[in-house]
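Fold and geometry: a report
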Amino acid sequence: MDKNTKDLVDKGIMLPLMEEFYTIQGEGAHTGTAAYFIRVGGCDVGCHWCDVKESWNAELHPPTLADTIVDNVKKYAETVVITGGEPLMWSMDYITDLLQKNNIRTHIETSGAYSFSGKWNWFCLSPKKTKMPLAECYPEADELKMIIHNTSDFAFAEQEAAKVGAKCQLYLQPEWSKKEKMTALIVDYVMKNPKWKISLQTHKYLNIP
Ligand code: SF4
């Protein structure tokens, strides 16, 4: 990467773009609603069950001007979901400012393991034990999405729920490879602990991206 490109990436004027697509949000509070997904490369959180490991190496994904991405979004959508990889590895200030100036709602899916940046209409925090969220990210959370891969993850979910604010909606989502067993446990858990809701990866059941 040449110095000029690196400077633009450091400022968030360019982002390592893995893929972008218009689809239906499959998970969490906005399940079932149309959104344009921007998948940014780069992640070192290291979830062993990660289903987008090809996102991890940012160098495999071409630095792309945020203006170009926003021009693409404008053709399709009123809401953007920026995901990854781990999008907060990059400054989200420039692209979210530009999106909001174009009256596009900005949503993020993040582990919270990097510094907060960006202007968000919806901040979905999904903490991971391997690289915990920074303290500054918890008060921003509109949605806490805890992935349940084994039974000890319920205690981790409660630990993380104690750190978010009152506005935050709480979701438990079965990790896909364990979905049969964990969905049954989550259903039982939510009935006993109704502050939580279940989130399913409905896009995977629908066979859409
Ligand atoms: S934080 Fe997300 S992208 Fe990164 S390893 Fe975990 S599941 Fe994969």
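- Named according to an unreviewed UniProt entry, the protein chain is 7-carboxy-7-deazaguanine synthase originating from Polaribacter atrinae.
- According to the UniProt record, the Catalytic activity (unreviewed entry) comment for the protein chain reads "6-carboxy-5,6,7,8-tetrahydropterin + H(+) = 7-carboxy-7-carbaguanine + NH4(+)".
- Its UniProt record gives the protein chain the following Subunit (unreviewed entry) comment, quoted word for word: "Homodimer."

**Some details on the nonpolar core**
- By size, the foremost hydrophobic cluster in this structure holds 45 residues, and its most contacted members are I38, V73, I82, I95, L144, L172 and W196.
- The contact partners of I95, leaving out residues within four places of it in the chain, are G12, L15, I38, A66, I69, V70 and I82.
- C47, C50, V52 and A113 belong to the second largest nonpolar core, which has six residues in total.

**Let's talk about the pattern of salt bridges**
- Per the stated rule, a full pass over the model turns up 16 salt bridges.
- Two residues, D153 and K129, come together in a salt bridge whose shortest N-O distance is 2.7 Å. Taken together, the residues D153 in helix 4 (residues 153-161) and K129 in the loop between strand 6 (122-125) and strand 7 (143-148) connect sequence positions 24 residues apart.
- With a relative accessible area of 7%, D153 lands in the buried category.
- Using a relative accessible area of 44% as the deciding quantity, one classes K129 as partly exposed.

**A word on a nonpolar patch on the surface**
- On the surface, a nonpolar cluster with roughly 230 Å² of combined accessible area is contributed by I24, L206 and I208.
- Among the structural elements, I208 can be located in the segment after helix 6 (202-206).
- Residue I208 is classed as partly exposed on the basis of its relative accessible area, which comes to 31%.

**Points about the site of the ligand**
- Taken together, C43, V45, G46, C47, W49, C50, V52, W56 and G85 make up the full set of residues near the ligand.
- Classifying every residue of the shell around the ligand gives seven nonpolar, two polar and no charged.

**Quick notes on the UniProt feature "binding site: S-adenosyl-L-methionine" (unreviewed entry) in the protein chain**
- Per the UniProt record, "binding site: S-adenosyl-L-methionine" (unreviewed entry) is annotated on W49, C50, D51, G85, S126, P127 and K128.
- Along the polypeptide, W49 turns up in the loop between strand 2 (34-40) and strand 3 (63-65).
- Setting aside residues up to four positions removed in sequence, W49 forms contacts with K128, I147, H149 and E175.
- Looking at the secondary structure, you find D51 in the loop between strand 2 and strand 3.
- With near-sequence residues (within four places) excluded, D51 lies in contact with Q201 and K204.

**Quick word on the sheet that holds strand 5 (residues 105-110)**
- Pairing is mixed in the open sheet, where nine strands are placed in the order 3-1-2-4-5-6-7-8-9. Each edge of the open sheet carries a strand with a single partner, namely strand 3 and strand 9 (196-198). Across the sheet, the mean angle from the axis of one strand to that of its neighbour is 30 degrees, orientation sign disregarded.
- When strand 1 (residues 14-24) meets strand 2, the two strands line up antiparallel, connected through seven bridges. Opposite L17, over in strand 2, you have V40 as the bridge partner.
- Contacts from helix 2 (residues 66-74) reach strand 1, strand 2, strand 3 and strand 4 (79-83), with the element oriented near 65 degrees to strand 3.

So, how was this worked out
- Residues numbered from 1 in each chain as written.
- Predicted model: local features only at pLDDT ≥ 70, side-chain atom pairs only at ≥ 80, totals over all residues.
- Heavy atoms only, no water.
- UniProt positions renumbered as here; feature names shortened; annotations may be inferred.
- Core = buried A, V, L, I, M, F, W, Y, C linked by side-chain atoms within 4.5 Å.
- Buried < 20%, exposed > 50% of the residue type's maximum accessible area, 1.4 Å probe, protein only.
- Contact = heavy atoms within 4.5 Å.
- Salt bridge = Lys/Arg side-chain N within 4 Å of Asp/Glu carboxyl O.
- Helix = DSSP H or I, 4+ residues; strand = E, 2+ residues; numbered from the N terminus.
- Patch = residues over 30% accessible without salt bridge, like charges linked within 9 Å, V, L, I, M, F, W, Y side chains within 5 Å.
- Areas by Shrake-Rupley, 256 points an atom, 1.4 Å probe, with all protein chains shown as cover.
- Near = heavy atom within 4 Å.
- Nonpolar A, V, L, I, M, F, W, Y, C, P; charged D, E, K, R; others polar.
- Pairing = 2+ DSSP bridges.
- Axes fitted to C-alpha atoms, helices over the stretch in contact; angles between N-to-C directions.

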